Structures are given as structure tokens and as C-alpha cells.
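In case you want the letters, here they are:
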Protein chains: 2
Amino acid sequence: MKILVTNDDGIDSAGIVALAESLKEIADVTVIAPHDEQSAVGHGITMKIPLRVVNYKMNGTFFGYAVEGTPADCVKLGIRNILGESPDLVISGINHGSNTAINIIYSGTVSAAREAAIMDVPAIAISVASHDASDFRYAAKVAKMLALKVNEFSLPKGTLLNVNVPNFPEEEISGMIVTKQSKAKWDDIYLKRTDPYGKDYYWLTGSLVDVENELETDQTAIKNKFVSVTPIHFDLTDYDTFHKMKSWKIEKQKNEKVI
Amino acid sequence: MKILVTNDDGIDSAGIVALAESLKEIADVTVIAPHDEQSAVGHGITMKIPLRVVNYKMNGTFFGYAVEGTPADCVKLGIRNILGESPDLVISGINHGSNTAINIIYSGTVSAAREAAIMDVPAIAISVASHDASDFRYAAKVAKMLALKVNEFSLPKGTLLNVNVPNFPEEEISGMIVTKQSKAKWDDIYLKRTDPYGKDYYWLTGSLVDVENELETDQTAIKNKFVSVTPIHFDLTDYDTFHKMKSWKIEKQKNEKVI
């Protein structure tokens with residue numbers, strides 16, 4: 001099995017090192033990750049400026065390719081030019097901090113895996129649910145197990161797995177559950193401050209507010225110390241509304257005036 | 001009706017000016033848009049650095065608030081701090097270039113509208129299907145008509161409309177159709193070049209490849225000169241796979257070992 005490993009925390013983060021090491025036990029692993037941290041970049045891709053790639057060494061040994069771009073760039077460029085062929089699997093992570101609910105839209109970690117799914121390559125995004133996480137060994141084992149499961153059962157084209165692991169020692173983990181994306185939302189607050197030159201600036205802060213308590217959602221699962229595995233895709237069509245909008249009478253055929 | 005107008009091409013682009021002027025005929029319009037062009041930034045938000053806002057004048061008259069951030073930042077900060085309340089509608093555009101198929105994931109224009117939907121504010125993203133578009137009058141009329149329709153019929157919370165307008169004179173437009181997101185994909189190519197100092201760099205190019213010919217998809221609709229209106233949402237759960245994964249037997253309850 002050939003696995004491309006990437007992330008959004010940057011090629012030198014502890015999470016990607018633990019992930020790559022664990023996957024090397026079952027696969028031929030190539031690390032292609034952002035040169036610098038790229039959190040919350042969403043699904044940005046670089047088009048207006050060129051991308052550069054450098055060989056990144058760790059303790060004097062080649063560890064992987066560092067791309068001066070976004071996580072999605074790493075996957076696109078990695079598959080097209082560095083590997084030159086599709087790997088069997090792309091795994092993105094292990095992210096510091098959960099990627100649940102609406103955060104999967106902002107997340108660079110998830111976007112890298114989504115870019116792989118767009119390219120018809122099975123993919124997994126994996127995060128540990130704490131920004132202060134320092135021990136990625138358990139999450140790395142989970143990634144390895146799920147890589148084998150994806151290889152065994154396969155995913156439909158365009159579907160990826162978004163995995164969140166509670167930040168607790170293995171013996172305190174409650175279990176594992178297949179989940180849906182939670183509807184929890186950010187209660188955003190922008191702090192307004194004044195800089196030393198008298199100009200105002202705004203700084204984003206806030207907290208994620210739960211709106212449901214169903215164990216089968218990503219957010220509730222990790223709160224209950226379950227490993228959460230959510231299958232997601234990128235068909236954003238709201239089919240219910242698609243059908244309901246027929247009654248809006250905005251559809252016009254040829255020879256009918258639209259406005 | 002209070003409408004917040006934003007975009008990703010920047011506050012000084014022709015598309016947003018045409019949009020704001022058209023909407024002022026039916027609503028109280030506030031323009032809050034990126035200071036600089038933000039195409040293909042995806043759903044990035046700014047957290048690590050502060051945001052600044054400047055009053056932007058056009059021909060000596062106040063036109064709107066220019067935010068030194070992403071389109072999603074404009075909507076978040078605009079609603080939370082500049083307006084201080086939810087508008088009745090957010091409209092993002094008019095973008096130079098279509099936002100169909102997978103491009104809606106990369107698009108800053110769509111992400112701004114999606115950020116509004118996340119905040120429970122009805123939203124429309126609108127694009128003209130040519131990067132060389134210069135006449136936005138027809139698309140601006142379409143935006144105005146759809147703003148009134150959304151006001152009349154309302155959208156479910158979390159749903160937005162993604163509108164694409166063919167780049168043709170009004171008399172050549174075939175009609176208008178409610179569509180689904182097309183499955184068309186990018187055939188990406190990275191050109192590899194060498195800089196004047198002997199270092200390699202990669203530049204993304206490529207073309208969107210159609211995979212279907214159903215008029216009720218965004219991509220096919222605009223190719224046939226129809227205005228395309230796609231309802232989209234941000235629940236990315238793949239419910240089919242969610243149910244099928246029960247057979248993977250990865251779910252473990254308390255007191256069962258996960259791995």
C-alpha cells in the first residue's frame with residue numbers, strides 16, 4: 001500500500017511525525033506537507049504565485065517534501081508531480097485540535113484529505129481533540145487501523161473519513177463510533193483593540209456552542225471520549241431545497257423572459 | 001430589507017459596484033469587502049493575526065468598509081462588529097468567473113455566502129461565467145430579482161444559493177434553471193519551470209472536465225446559456241456511507257477495546 005501523508009500544522013509538527021512512523025509499519029509512506037503552519041486556511045489553493053518544494057530533513061535524514069503552499073496544494077502537487085501517480089490512500093494529520101462540526105469547512109487538515117477525494121483517492125483526516133496534545137501514539141494507531149479498514153472495505157469515490165480522537169490515554173477511551181457532522185456553531189467574538197499608533201484592530205475569539213446531544217455526532221462523540229469517524233463528501237447540493245424551489249417559479253425556458 | 005454585500009475580487013472590483021448599485025434600488029445596502037483580491041482562498045478565516053478595517057471611498061464618496069482579510073472574515077466581522085446585527089440577506093459577488101462544480105469549494109465568493117448561512121443569515125453567491133466579464137448589469141438584475149425571491153419564500157437555515165450567470169447579453173440568455181452541483185473536475189497540470197537562480201518552481205494550470213451532460217447541473221446549465229441557481233448547504237456528512245459503515249464493525253462500546 002502506498003500512502004501520501006500530509007497535514008496543516010507543517011512538516012515539522014509532532015503529529016505528522018507520529019503518523020508517518022505508525023503508517024510505515026504497513027505501507028510505503030511519502031510525506032508531502034506544508035513548509036509552514038497552515039491552520040484555518042480552508043480549502044485554499046495557490047494559483048497566482050508559483051509553488052516551491054524543498055527536501056526536508058529531520059535529524060540529518062530525509063523525512064519528506066516541504067511545499068511552500070497550502071495543504072490542498074501539497075496533495076494536488078504531490079500526486080501530480082512529486083509522486084507522479086495516485087497513492088492508495090492520503091492521510092492528513094495528526095492535527096492539534098479537533099475538527100468537528102462547522103470547523104471541517106475551515107480546516108486545512110480536512111481540506112487536504114478532501115482534495116485527495118476530489119482526485120478519486122481514498123482519504124482520511126485525523127485530529128486529536130486538544131490544541132495542547134503532545135502524545136499522538138494512540139491516534140497514530142487509530143490511523144493505521146483505519147487505513148487497513150479503508151483498504152479492506154474501500155470508500156465510494158469522493159468520500160473521505162474525518163476522524164477525531166479524544167485527548168486521553170488509551171485506557172480512558174470509551175470506544176469508537178461512526179458519526180454525522182454536528183450542527184454545533186461558533187459564538188464568535190471579535191475583541192476590538194487599539195494599536196500603539198492609535199489605530200483599531202479586531203482579533204477573533206469565541207467558543208463552539210453545542211446544539212445537540214446525540215452521541216452519533218462528531219462533537220458529542222469526542223465529548224464522551226469516543227473516537228469519532230465521520231464519512232464526508234463534497235456534493236454540497238441541498239437536495240431538499242432543490243426540489244422545493246420548483247415552487248418558486250423562477251425557472252424559465254427558452255423564449256421566456258427571465259426577469 | 002438590509003443587505004450586506006461582499007465579494008472576493010476586492011472592494012474596488014467592477015462586479016461589486018454593479019451589485020451594490022442594483023441592490024440599493026430595493027434595500028439598505030452595506031458593502032463590507034476584502035481590501036485586496038482574495039480569489040481561491042477557500043473558506044479561510046483569520047485567527048492568528050488581527051484584522052483591520054478601513055473606510056473605502058470611491059470618487060470621493062464613502063462606498064463601504066474594506067477589511068484586510070478573507071471574504072469569510074468580512075462576513076463574520078461585518079455582522080458581529082460593523083453592522084452589530086444580522087442583515088436580512090448577504091450577497092457575495094459579482095465574481096469574475098464561474099463558480100460551478102468543485103470550484104465552489106475553492107471559491108472565496110461562495111465561502112463568504114456560506115459564512116453567512118453558518119450564521120443563520122440567508123445568502124446568495126453570484127458569478128458571471130467569464131474571467132473577462134466586464135458588463136455586470138444583467139447579473140446585477142438577476143441578483144436583485146433573487147434577493148426579492150429569497151425574501152418572499154425564505155431559505156432553510158444553513159442553505160444558500162449559488163448563482164452563475166452566462167457571460168452573454170440579456171437577449172441571448174436561454175432561461176433560468178434550479179440546478180445541482182456538477183461533478184465536473186479539474187484536470188490539473190503543474191508547469192515545472194526554473195527560476196533565474198536555477199531553482200525549480202511549479203505553477204498550477206489545467207481545465208475543468210465535464211463528466212455529465214444533464215441540464216440540471218450548474219456546469220451544463222451555463223454552457224447552454226441558462227442562469228444556474230443551486231441551493232447548497234454545509235452538512236458534508238455522506239449519509240449513504242454513514243449507514244454502510246455499520247458493516248465495517250469498527251464501532252466499539254464502553255469496555256470493548258477499539259484496537
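These notes cover the structure that comes with them.

Scoring rules and cut-offs
- Residues take numbers from 1 onward in each chain, read along the sequence in its written order.
- Here the convention is simple: chains get letters from A, ligands get numbers from 1, in the order in which they are written.
- Totals for whole chains, interfaces and linings use every residue, but because this is a predicted model, local features are given only for residues with pLDDT of at least 70 and side-chain atom pairs only at 80 or more, for both listing and counting.
- Least squares is the method used to superpose the copies, on C-alpha atoms of residues holding a pLDDT of at least 70 in both.
- Whether two residues are in contact is decided by their C-beta atoms, placed from the backbone, lying within 7 Å.
- Here, strands pair whenever DSSP counts at least two bridges between them.
- Strands here are runs of E lasting at least two residues and helices are runs of H or I lasting at least four, both read from the DSSP assignment and numbered beginning at the N terminus.
- Note on geometry: axes are lines fitted to C-alpha atoms, helical ones only across the stretch in contact, with angles between N-to-C directions running from 0 to 180 degrees.
- Angle categories: roughly parallel below 35 degrees, roughly antiparallel above 145, roughly perpendicular from 65 to 115, and oblique for all the rest.
- When the near helix sits turned anticlockwise from the far one by under a right angle, the crossing is termed left-handed; a clockwise turn instead gives a right-handed crossing.
- Gly counts as polar in this scheme, as do all residues outside two lists: the nonpolar Ala, Val, Leu, Ile, Met, Phe, Trp, Tyr, Cys and Pro, and the charged Asp, Glu, Lys and Arg.
- Exposure is read from a count of other C-beta atoms within 10 Å of each residue's own; the residue is exposed at 12 or fewer, buried at 20 or more and partly exposed in between. C-beta atoms are placed from the backbone.
- Helix span, expected: 1.5 Å multiplied by one less than the number of residues in the helix.
- What we call the bend at a residue is the angle made by axes fitted to the seven residues finishing there and the seven residues starting there.
- A set of buried residues qualifies as a nonpolar core if it consists of Ala, Val, Leu, Ile, Met, Phe, Trp, Tyr and Cys joined through C-beta atoms within 7 Å.
- Throughout, right-handed denotes a crossover for which the path from the first strand over the helix to the second runs clockwise when the strands point away from the viewer.

1. Considerations on the relation of the copies chain A and chain B
Here comes step 1: The transform that puts chain A on chain B rotates by 180 degrees and translates by 0.0 Å along the axis, for an RMSD of 0.0 Å. Taken together, the rotation and translation describe the operation of a two-fold axis.
Here comes step 2: Of the residues that chain A buries at the interface, 100% are likewise interface residues in chain B, meaning the two copies contact each other through the same surface.

2. Looking at the sheet that holds strand β4 (residues 61–67) of chain A
Residues and elements named next belong to chain A.
Here comes step 1: One open sheet holds the 9 strands; their spatial order is β3-β4-β2-β1-β5-β6-β7-β11-β8, and the pairing between them is mixed. The sheet terminates laterally at β3 (53–58) and β8 (175–178), the two strands that pair on one side only. Between one strand axis and the next, the sheet turns through 25 degrees on average, direction left out of account.
Here comes step 2: Of the strands in this sheet, β1 (2–6), β2 (28–34) and β5 (89–96) touch helix α1 (residues 14–23), which is tilted by about 140 degrees from β5.
Here comes step 3: Seen against the sheet, helix α2 (residues 71–83) touches β1, β2, β3, β4 and β5 and runs at an angle of roughly 135 degrees to β2.

3. As for the packing of helix α2 (residues 71–83) of chain B against helix α4 (residues 108–118) of chain B
Packed helices, taken two at a time, are described by the angle their axes make and the gap between the axes.
All names here are of chain B.
Here comes step 1: One way to put it is that α2 packs onto α4 with a least axis distance of 7 Å and a crossing angle of 25 degrees. Put simply, α2 runs roughly parallel to α4. Regarding α2 and α4, the two cross each other, and that crossing is right-handed. Here α2 contributes P71, A72, C74, V75 and K76 to the contact with α4, which in turn contributes G108, T109, S111, A112, E115 and A116.
Here comes step 2: Class assignment of the residues belonging to the contact of α2 with α4 gives a composition of 6 nonpolar, 3 polar and 2 charged.

4. Comments concerning the sheet that holds strand β5 (residues 89–96) of chain B
All names here are of chain B.
Here comes step 1: With mixed pairing, the 9 strands of this open sheet are ordered in space as β3-β4-β2-β1-β5-β6-β7-β11-β8. Bordering the open sheet on either side are β3 (53–58) and β8 (175–178), each of which pairs with just one other strand. Strand-to-strand twist of the sheet, defined as the mean angle between neighbouring strand axes without regard to direction, takes the value 25 degrees.
Here comes step 2: Here strand β6 (residues 123–128) runs beside strand β7 (residues 160–165); their pairing, made up of 6 bridges, is parallel. By the bridge assignment, I126 is partnered in β7 with V163.
Here comes step 3: Most of the contacts of α4 go to β6, to which it runs at about 170 degrees, and overall it touches β1 (2–6), β5, β6 and β7.
Here comes step 4: Each of β1, β5, β6, β7 and β11 (226–232) touches helix α5 (residues 137–153); the most contacted strand, β6, lies at about 160 degrees to it.

5. Focus: unusual backbone geometry
Here comes step 1: Across the junction of G93 of chain A and I94 of chain A, the peptide omega takes the value -5 degrees, indicating a cis bond.
Here comes step 2: Following the sequence through the fold, I94 of chain A ends up in strand β5.
Here comes step 3: Here S154 of chain A, not a glycine, exhibits a phi torsion of approximately 60 degrees, which is positive.
Here comes step 4: Following the sequence through the fold, S154 of chain A ends up in the loop between α5 (137–153) and β7 (160–165).
Here comes step 5: The backbone phi angle of K225 of chain B is positive, close to 65 degrees, even though this residue is not glycine.
Here comes step 6: Residue placement: K225 of chain B occurs in the loop between α6 (218–223) and β11.
Here comes step 7: Using a count of 16 C-beta atoms within 10 Å as the deciding quantity, one classes K225 of chain B as partly exposed.

6. Looking at the environment of M245 of chain A
Here comes step 1: Relative to the assigned elements, M245 of chain A resides in the segment after α7 (239–244).
Here comes step 2: Note on M245 of chain A: 22 C-beta atoms within 10 Å, which makes it buried.
Here comes step 3: Residues within four places of M245 of chain A in sequence aside, it is in contact with V178 and P231 of chain B.

7. Some details on α2 of chain A
Given 3.6 residues per helical turn, the α-helix brings residues three or four places apart onto the same face.
Residue and element names in this part refer to chain A.
Here comes step 1: The terminal C-alpha atoms of α2, which comprises 13 residues, lie only 16 Å apart, well short of the 18 Å expected from a rise of 1.5 Å per residue.
Here comes step 2: The axis of α2 is deflected most strongly, by about 40 degrees, at L77.
Here comes step 3: Listing the buried residues of α2 in full gives P71, A72, D73, C74, V75, K76, L77, G78 and I79.
Here comes step 4: Looking one or two residues past α2, G84 carries a phi angle of roughly 75 degrees, positive in sign.

8. Some remarks on the interface of chain A and chain B
Interfaces are often sized by the accessible area lost when the parts come together.
Here comes step 1: Facing 70 residues of chain A, the contacting portion of chain B comprises 70 residues.
Here comes step 2: Here the residues of the side of chain A that touches chain B sort into 38 nonpolar, 15 polar and 17 charged.

9. Focus on the nonpolar core
Here comes step 1: Grouped together as the largest cluster of nonpolar side chains are 158 residues, with contacts concentrated most on I91, I124 and A143 of chain A together with I91, I124 and A143 of chain B.
Here comes step 2: With residues up to four places along the chain from it excluded, the contact list for I91 of chain A reads I3, V5, L19, L23, I124, I126, A143 and A147 of chain A.

10. Section: the pairing of β7 of chain A
Regular strands place side chains that alternate from one sheet face to the opposite one.
All names here are of chain A.
Here comes step 1: In terms of burial, β7 is a largely internal element, 6 of the 6 residues being buried.
Here comes step 2: Both faces of β7 are covered, namely the face carrying L160, N162 and N164 and the face carrying L161, V163 and V165.
Here comes step 3: As a crossover connection, the stretch from strand β6 (residues 123–128) through α5 into β7 is left-handed.
Here comes step 4: Here β7 runs beside strand β11 (residues 226–232); their pairing, made up of 5 bridges, is antiparallel. For N164, the partnering residue across the bridge sits in β11 and is S228.

11. Describing the environment of L215 of chain A
Residue and element names in this part refer to chain A.
Here comes step 1: One can find L215 in the loop between β10 (200–209) and α6 (218–223).
Here comes step 2: Owing to 15 C-beta atoms within 10 Å, L215 belongs among the partly exposed residues under this scheme.
Here comes step 3: Counting along the chain gives 107 residues from L215 to G108, while the straight-line C-alpha distance between them is 25 Å.
Here comes step 4: Not counting residues within four places of it along the chain, the set of residues in contact with L215 comprises I177, T220, A221 and N224.

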